[in-house]
Amino acid sequence: MDSDLSLSSRLPPNRTTRFRWQDGAVLDIRADVGALRVLPLETIHAILQQLDLASLHRLENVSRGMRRAVASLPQLQAVAQCAPDAVRAIWAARVSHLIACGDLYTQLCRPACVFCNFRPGEYLYLLACHRVCRKCLLGQSRYKPLRPSEARRAGLRVHEVRRLPRLRVPKYSQRARGLRTSGKIRQRNTTGWLLLDFEAVVREIGRVRYTKRWTEAAVASLFQRQPSSEVLPYKPEYAYSASVLLPWLDRSTQNVGRPELCRACRFAAQTAPSAAQVTPQRAPCQSWYHCGTQQGLKDHIGRHGAIKDGLHVKVAV
């Protein structure tokens, strides 16, 4: 928490634990679910996972049958158990209506960054529900949210800005506030700020100014941040204030933790077997990553073999 500046540093700490995947129990929900009673449970789950978190929360209050249907949704169970901090940040930032349950589960099970598709993704960018790495989060304009005043300076009207997707930066917890005020975390207080998605602003400008071809570079030139009382002196905090740490659910080993790239898998050379009766193993790209825990590394080595001279090797049988 001392080195993290995302919304995770504003919430009470929660230790990541090993998670054993279990399918939802088959429940009798034919009663008290309305017209959905003619559908099997698998079809109901396929429908529910396409809803956003806010809609699922409201749906729980419809009836007991719908509450059981939502509670037995495997994707929602996995997200709630593996990434409780991320779920709390979504509710605290008031973006639960922007994030679908299925999309969040997809990002939970994805180890790589959405933008570069290579580096392990540590953060979830809330305004787009993208898993991103630290370098892309801080270096790409796609993940630099804007304040409403900046969108208005670019030419959008008040009513056009108000209909754009946004989040409100939540307040600090008591422990996080103490760390920030003590100087252990160098971070300006952005509590209560409204932040807009950069891509949504670009699309809105292109829609209202249809007579001119607007590219991302052309629109980005409109948002050259000048020192003022409305702009943060540290640009990375724009992205940090709209992101949260997201662990990775490795369904192959049932581990949950921070994704890490195995260089032995990524850069393994396709060489012939050596005289020591060992065979270099080149894993597919889906297996380049492992959870950054002791158990995650142990399971990864157990599957691909020990690392010797920068390569995974297994004793030939």
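The preceding data block contains the structure.
Residues numbered from 1 in each chain as written. Predicted model: local features only at pLDDT ≥ 70, side-chain atom pairs only at ≥ 80, totals over all residues. Heavy atoms only, no water.

S.K.: Tell me about the side chain of N255, residues and numbers included.
M.R.: Residue position: N255 is located in strand β7 (residues 255-257). In terms of polar contacts, N255 uses its side chain to reach the side chain of D299, at 2.8 Å. (Helix = DSSP H or I, 4+ residues; strand = E, 2+ residues; numbered from the N terminus. Polar contact = N/O pair within 3.5 Å; in protein donor to acceptor, adjacent residues only side chain to side chain.)

S.K.: Any chance you could break down the packing of aromatic side chains for me, citing the residues and the numbers?
M.R.: The description of an aromatic ring pair rests on the distance of the ring centres and on the angle between the ring planes. Within the structure shown, the criterion is met by 3 aromatic pairs. When the centroid spacing of 6.0 Å and the interplanar angle of 75 degrees are considered together, the rings of F115 and Y143 count as edge-to-face. Here F115, found in the loop between α6 (101-108) and β1 (123-125), pairs with Y143, found in the loop between α7 (134-139) and α8 (148-153); they are 28 residues apart in sequence, far enough to count as distant. Using a relative accessible area of 2% as the deciding quantity, one classes Y143 as buried. Ring geometry for Y125 versus Y143: centroids 5.1 Å apart, planes at 70 degrees, classification edge-to-face. Taken together, the residues Y125 in strand β1 and Y143 in the loop between α7 and α8 connect sequence positions 18 residues apart. (Phe/Tyr/Trp six-rings, centres within 6.5 Å; stacked < 30°, edge-to-face > 60°. Buried < 20%, exposed > 50% of the residue type's maximum accessible area, 1.4 Å probe, protein only.)

S.K.: An account of the nonpolar core is requested, with residue identities and associated values reported.
M.R.: Ranked by size, the top nonpolar core spans 50 residues in total, and within it L48, L104, L108, L126, L137, L167 and L249 carry the most contacts. Beyond its immediate sequence surroundings of up to four residues, L48 is in contact with L56, L59, M66, A69, V70 and L73. In terms of nonpolar packing, the next biggest core, distinct from the first, is built from 12 residues, L146, A151, L164 and V201 among them. (Core = buried A, V, L, I, M, F, W, Y, C linked by side-chain atoms within 4.5 Å. Contact = heavy atoms within 4.5 Å.)

S.K.: Give me the lowdown on the pattern of salt bridges, citing residues and values where you can.
M.R.: With the rule as written, the count across this model stands at 6 salt bridges. E122 is the salt-bridge partner of R258, the closest N and O atoms lying 3.0 Å from each other. With R258 in the loop between β7 and β8 (259-261) and E122 in the loop between α6 and β1, this pair connects stretches of sequence that are 136 residues apart. Residue classification places E122 among the buried positions, given a relative accessible area of 18%. In this structure, the salt-bridge partner of R203 is E199, at a minimum N-O distance of 3.0 Å. (Salt bridge = Lys/Arg side-chain N within 4 Å of Asp/Glu carboxyl O.)

S.K.: Any details on the environment of I44? Residues and values, ideally.
M.R.: Mapped onto the fold, I44 is located in helix α1 (residues 41-48). A C-alpha to C-alpha distance of 7.6 Å links I44 and A69, two positions 25 residues apart in sequence.

S.K.: Explain unusual backbone geometry residue by residue, including any values.
M.R.: Phi at R94 takes a positive value of approximately 60 degrees, unusual for a residue other than glycine. Taking the relative accessible area as the measure of exposure, R94 reaches 53% and is therefore exposed. Its identity as a non-glycine residue notwithstanding, N117 has a phi of 55 degrees, on the positive side. Relative to the assigned elements, N117 resides in the loop between α6 and β1.

S.K.: Residues and numbers for helix α3 (residues 64-71), please.
M.R.: Those residues of α3 lying buried are G65, M66, A69 and V70. For α3, the buried positions fall inside an angular range of 130 degrees around the axis, keeping them on one side. (Arc of directions from axis to C-beta.)

S.K.: Outline the packing of α1 against α3, supporting the account with residue identities and numerical values.
M.R.: Contact pair α1 / α3: the axes reach a minimum separation of 10 Å and the direction vectors enclose 80 degrees. In terms of their interaxial angle, α1 and α3 are classed as roughly perpendicular. Every residue of α3 that contacts α1 at I44, H45 and L48 is listed here: M66, A69 and V70. Looking at side-chain class alone, the contact of α1 with α3 contains 5 nonpolar, 1 polar and no charged residues. (Axes fitted to C-alpha atoms, helices over the stretch in contact; angles between N-to-C directions. Parallel < 35°, antiparallel > 145°, perpendicular 65-115°, else oblique. Nonpolar A, V, L, I, M, F, W, Y, C, P; charged D, E, K, R; others polar.)

S.K.: Let's hear about the sheet that holds β1: which residues, and what values?
M.R.: Here 3 strands make up an open sheet; going across it, the order is β2-β1-β5 and the pairing antiparallel. What marks the edges here is a single partner per strand, and that holds for β2 (130-132) and β5 (243-245). Strand-to-strand twist in this sheet, taken as the mean axis angle between neighbours without regard to direction, amounts to 35 degrees. Looking at chain direction, β1 and β5 are connected through 3 bridges and run antiparallel. Paired with L124 across the two strands is V244, which belongs to β5. (Pairing = 2+ DSSP bridges.)

S.K.: I'd like a description of the packing of helix α4 (residues 74-82) against α6, backed by residues and values.
M.R.: Where α4 meets α6, the closest approach of the two axes is 9 Å, and the angle between their N-to-C directions is 55 degrees. Taken together, the axes of α4 and α6 lie oblique to each other. For the crossing formed where α4 meets α6, the hand is left-handed. On α6, the residues that touch Q75, L76, A78, V79 and C82 of α4 are C101, L104, Y105 and L108. In terms of residue class, the contact of α4 with α6 is built from 8 nonpolar, 1 polar and no charged. (Left-handed = near helix turned anticlockwise from the far one by under 90°.)

S.K.: How would you explain the state of the cysteines if you had to name every residue and give the values?
M.R.: A disulfide bridge is the covalent bond that connects two cysteines by way of their sulfur atoms. All chains considered together, the criterion is met by 0 disulfides. Counting only cysteine sulfurs, C101 is the nearest neighbor of C129, a cysteine outside any disulfide, at a range of 10.0 Å. Summary of cysteine pairing: C133 is not part of a disulfide, and the nearest cysteine sulfur, belonging to C136, is at 3.4 Å. (Disulfide = S-S within 2.5 Å.)

S.K.: I'd like a description of the environment of C133, backed by residues and values.
M.R.: By the secondary structure assignment, C133 is in the loop between β2 and α7. Given the relative accessible area of 2%, C133 is considered buried. When the C-alpha atoms of C133 and N117 are compared, they prove to be 9.3 Å apart, with 16 residues separating the residues in sequence. In this structure C133 touches C113, C116, R119, P120, G121 and E122, once residues within four positions along its chain are discounted.

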